[in-house]
Amino acid sequence: MNPVCELCGDSGIILKGEVAVPCGCIRRKAMTKLFKTSRLPKKLLNCTLSNFSFRYYAKDSLDVEKGFSYYEIAKLSFQAADNFISKFLQDPNTDGLLFSGPVGSGKTFLACSIANALLKKGKVVLFIVVPDLLDQIRSTYDTSRNSGDYTEYDLVDTARQVPLLILDDLGAHNYTDWSRNKIFSIINYRLNHCLPIVVTTNITPEDLFEYLGERTTSRLLEMCKPYRLLVDLDIRAIQRKERDQ
Ligand SMILES: Nc1ncnc2c1ncn2[C@@H]1O[C@H](COP(=O)(O)OP(=O)(O)O)[C@@H](O)[C@H]1O
Ligand SMILES: [Mg+2]
Ligand SMILES: [Zn+2]
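Residues numbered from 1 in each chain as written. Chains lettered and ligands numbered in written order. Predicted model: local features only at pLDDT ≥ 70, side-chain atom pairs only at ≥ 80, totals over all residues.

### Quick word on the pairing of strand β7 (residues 164-168)
Most of β7 sits inside the fold, with 5 of its 5 residues counted as buried. Every second residue of β7 is oriented toward a common face, with Leu 164, Ile 166 and Asp 168 on one face and Leu 165 and Leu 167 on the other, all of them buried. Where strand β6 (residues 125-129) and β7 come together, 5 bridges link them in parallel fashion. Looking at the pairing, Leu 126 lines up with Leu 165 of β7. Here 3 bridges tie β7 to strand β8 (residues 197-201), and the two strands are oriented parallel to one another. What sits directly across from Ile 166, in β8, is Val 198. (Buried ≥ 20, exposed ≤ 12 C-beta atoms within 10 Å, placed from the backbone. Helix = DSSP H or I, 4+ residues; strand = E, 2+ residues; numbered from the N terminus. Pairing = 2+ DSSP bridges.)

And the structure:
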């Protein structure tokens, strides 16, 4: 529980002379609630575009297929994230983004930067780690694990309808038909209602077909502009090495 506001005693109103004005705590509380319901892990709150560093992306390594250096790709991906934020603020039905790339290339960082920026603007965002979602849905069937807080329908329904959904780590898992159907139902609903998704995945869009099936992947690629972040070394490993030095 939050402590009672010293200024307004939680009435939400303070007196300025003779005039009643809204207390600043209302906005703060609403913000806290937004961040909480976004399920964005605390650790990822500092993933912001202003903290995004380009030094991990080599200027002399080339994506031969695209003809861009890793550095140029990082710049383009960053720009895409930044543009998405402004576009979403103007039009919540804008197209989404799909960040693919190897482990430790900054995909989750960029997706979280989008989430953080939009939450700060008061937008409702849901950050979902795909394997966790599937596990949570499954646990709602299991009465010994289900505390009764939510049902499968609540979870899937929130993921379907939230203004912005971030699907983190839509990876190379062994999806069962059951989990493929859950993912499909979320993506299909969002496509039909023009609700954007920001996806991160460590598999190439071509390989997504194999893991998620044709109908889900083709919809995803229709909704999300793809960016493939590339690094020579896992950024996590570089940062660990630097800390240890
Ligand atoms: N461009 C960046 N600038 C600063 N730190 C970064 C950057 N990209 C990633 N990191 C850090 O490196 C680690 C791995 O990044 P992450 O985005 O989780 O990788 P991925 O999702 O591609 O596996 C995290 O600790 C993250 O904070
Ligand atoms: Mg990640
Ligand atoms: Zn107050």
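### Describing the nonpolar core
Ile 114, Ala 115, Ile 128, Leu 165, Ile 166 and Val 199 are the most contacted members of the largest nonpolar core, which has 51 residues in total. In terms of residues, this core owes the most to one element, helix α3 (residues 107-120), which gives 9 residues. Setting aside residues up to four positions removed in sequence, Ile 166 forms contacts with Ala 111, Ala 115, Val 125, Leu 126, Phe 127, Ile 128 and Val 198. (Core = buried A, V, L, I, M, F, W, Y, C linked by C-beta atoms within 7 Å. Contact = placed C-beta atoms within 7 Å.)

### Digging into the site of ligand 1
As a structural note, the neighbourhood of ligand 1 is formed by 16 residues, with Ser 53, Gly 106, Lys 107, Thr 108 and Phe 109 the closest of them. Per-class residue counts for the shell around ligand 1 are 6 nonpolar, 8 polar and 2 charged. (Near = placed C-beta within 6 Å. Nonpolar A, V, L, I, M, F, W, Y, C, P; charged D, E, K, R; others polar.)

### Things to note about the pairing of strand β1 (residues 13-16)
On a regular strand, each side chain points to the face opposite its neighbour's, so the side chains alternate between the two faces of the sheet. Sheet analysis places β1 next to strand β2 (residues 19-22), joined by 4 bridges and oriented antiparallel. Along β2, the bridge assignment pairs Ile 13 with Pro 22. Count of turn residues in the β1/β2 antiparallel hairpin: 2 residues, of which Gly 17 carries a positive phi of about 65 degrees.

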